[in-house]
Amino acid sequence: MQAKKRYFILLSAGSCLALLFYFGGVQFRASRSHSRREEHSGRNGLHQPSPDHFWPRFPDALRPFFPWDQLENEDSSVHISPRQKRDANSSIYKGKKCRMESCFDFTLCKKNGFKVYVYPQQKGEKIAESYQNILAAIEGSRFYTSDPSQACLFVLSLDTLDRDQLSPQYVHNLRSKVQSLHLWNNGRNHLIFNLYSGTWPDYTEDVGFDIGQAMLAKASISTENFRPNFDVSIPLFSKDHPRTGGERGFLKFNTIPPLRKYMLVFKGKRYLTGIGSDTRNALYHVHNGEDVLLLTTCKHGKDWQKHKDSRCDRDNTEYEK
């Protein structure tokens with residue numbers, strides 16, 4: 001029985017070796033024959049490229065190169081985040097290179113002097129008290145004109161102060177409303193006011209529409225987006241901020257520096273996560289409870305308790321006093 005197994009194994013091995021020698025010999029002869037044909041063709045001045053000399057075949061055809069912001073199909077932009085694509089294609093700062101000499105029409109001012117036109121308030125549009133104060137201050141000044149043909153500068157009656165989508169003061173469909181204004185002219189000679197932009201936790205500077213060539217009077221504007229001698233950096237003020245100063249002569253009799261109880265006061269939300277959280281969380285180091293009051297609250301957003309830390313209860317109590 002063992003002898004039969006050995007004979008069977010030897011026979012199988014011999015058959016395999018015979019097959020290997022046969023196919024190897026056929027391939028070797030074909031290769032030599034192919035080489036001789038190439039050599040013969042070369043001697044006769046002819047050259048026939050061999051398929052073996054071509055570039056290897058790739059599983060996918062090579063695609064032409066395009067910059068990533070020009071790709072429209074879904075497959076090509078699968079690795080691009082929605083935020084990158086939005087910033088590249090629909091940035092609010094399309095007029096980022098705007099300056100007074102390139103995006104402002106001075107002829108309107110030379111003809112009639114510096115006059116400011118405020119768009120009439122549209123029926124049904126909500127306007128926050130802070131923006132009403134701004135418009136009222138302009139309309140009460142000597143620069144105001146109710147005739148747009150006399151104007152050098154234009155101010156929207158649409159409330160653009162709060163562009164946080166989570167805010168109750170947020171004005172919806174602002175893009176279409178601005179584009180429908182017949183005097184808009186891509187924002188030329190327009191001034192837009194803005195205090196808040198973007199939404200927690202990123203707080204981008206997207207105001208929700210293309211400002212075009214309009215100037216931007218904005219709080220907390222970044223140096224990257226600020227256009228020198230064109231945009232206006234304004235402080236962040238609350239709705240309780242007075243529209244005008246004190247009585248006539250107030251500054252003349254006021255002492256410099258002022259003799260007041262508090263040297264520094266800040267009151268606002270303490271972001272537990274996201275942009276700005278590191279800065280706000282460090283304010284308590286400066287707070288002394290006497291002449292420097294830096295009051296913050298953790299109550300921000302619907303899930304603030306999930307990120308609550310050991311200082312939140314004490315900070316919330318002092319904030320609410």
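Here goes a summary of the coordinates provided. (Residues numbered from 1 in each chain as written. Predicted model: local features only at pLDDT ≥ 70, side-chain atom pairs only at ≥ 80, totals over all residues. Heavy atoms only, no water.)

### Let's talk about the sheet that holds strand 4 (residues 190-194)
Piece 1. Ordered in space as 1-2-4-6-7, the five strands form an open sheet in which the pairing is parallel. The open sheet terminates on both sides in strands that have one partner only, identified here as strand 1 (116-118) and strand 7 (232-233).
Piece 2. Examined bridge by bridge, strand 1 and strand 2 (residues 153-155) share three bridges and lie parallel to one another. The residue bridging tyrosine 117 from the neighbouring strand is phenylalanine 154, located in strand 2. (Pairing = 2+ DSSP bridges. Helix = DSSP H or I, 4+ residues; strand = E, 2+ residues; numbered from the N terminus.)

### Let's talk about the pattern of salt bridges
Piece 1. Considering all chains together, one arrives at seven salt bridges under this definition.
Piece 2. Residue arginine 227 is joined to aspartate 231 by a salt bridge in which the shortest nitrogen-to-oxygen separation is 2.8 Å.
Piece 3. Overall, arginine 227 belongs to the buried group, its relative accessible area being 1%.
Piece 4. Residue class for aspartate 231 comes out buried when judged on its relative accessible area of 6%. (Salt bridge = Lys/Arg side-chain N within 4 Å of Asp/Glu carboxyl O. Buried < 20%, exposed > 50% of the residue type's maximum accessible area, 1.4 Å probe, protein only.)

### Brief notes about a nonpolar patch on the surface
Piece 1. Where nonpolar side chains cluster on the molecular surface, the patch consists of Met263, Leu264 and Val286 and spans about 310 Å² of accessible area.
Piece 2. Looking at the element boundaries, leucine 264 is found in strand 8 (residues 264-269).
Piece 3. Judged by relative accessible area, leucine 264 falls into the partly exposed class, the value being 39%. (Patch = residues over 30% accessible without salt bridge, like charges linked within 9 Å, V, L, I, M, F, W, Y side chains within 5 Å. Areas by Shrake-Rupley, 256 points an atom, 1.4 Å probe, with all protein chains shown as cover.)

### Section: the packing of aromatic side chains
Aromatic ring pairs: the centre-centre distance and the angle between the two ring planes describe each pair.
Piece 1. Scanning the entire structure with this criterion turns up four aromatic pairs.
Piece 2. Between phenylalanine 114 and phenylalanine 143 the ring centres are 5.6 Å apart and the planes differ by 75 degrees, which places this aromatic pair in the edge-to-face class. A residue pair is termed long-range when its members are at least 10 positions apart, and phenylalanine 114 in the loop between helix 4 (107-112) and strand 1 and phenylalanine 143 in the loop between helix 5 (129-139) and strand 2 qualify at 29 residues.
Piece 3. On the basis of relative accessibility, which here comes to 43%, the residue phenylalanine 114 falls in the partly exposed class.
Piece 4. Residue class for phenylalanine 143 comes out partly exposed when judged on its relative accessible area of 30%.
Piece 5. Three or more aromatic residues joined by ring pairs make a cluster, and in this case those are Tyr117, Tyr119 and Phe154.
Piece 6. Sitting above the plane of the tyrosine 319 ring, lysine 267 keeps its charged end 4.7 Å from the centroid. (Phe/Tyr/Trp six-rings, centres within 6.5 Å; stacked < 30°, edge-to-face > 60°. Lys NZ or Arg CZ within 6 Å of the ring centre and 35° of its normal.)

### Remarks on unusual backbone geometry
Piece 1. Here asparagine 173, not a glycine, exhibits a phi torsion of approximately 55 degrees, which is positive.
Piece 2. With respect to the helices, strands and loops of the structure, asparagine 173 is situated in the loop between strand 3 (162-163) and helix 6 (174-179).
Piece 3. We note that asparagine 189 has phi near 65 degrees; this positive angle belongs to a residue other than glycine.
Piece 4. Locating asparagine 189 in the fold gives a position in the loop between helix 6 and strand 4.

### Quick notes on the nonpolar core
Piece 1. In this structure, Tyr131, Val155, Leu156, Trp184, Ile192, Phe193 and Phe209 are the most contacted members of the largest nonpolar core, which totals 41 residues.
Piece 2. Mapped onto this core, the elements with two or more residues apiece are strand 1, helix 5, strand 2, helix 6, strand 4 and strand 6 (215-218).
Piece 3. If one sorts the elements of this core by residue count, helix 5 sits on top with four residues. (Core = buried A, V, L, I, M, F, W, Y, C linked by side-chain atoms within 4.5 Å.)

Everything listed here is a matter of geometry and, on its own, says nothing about what the molecule does.
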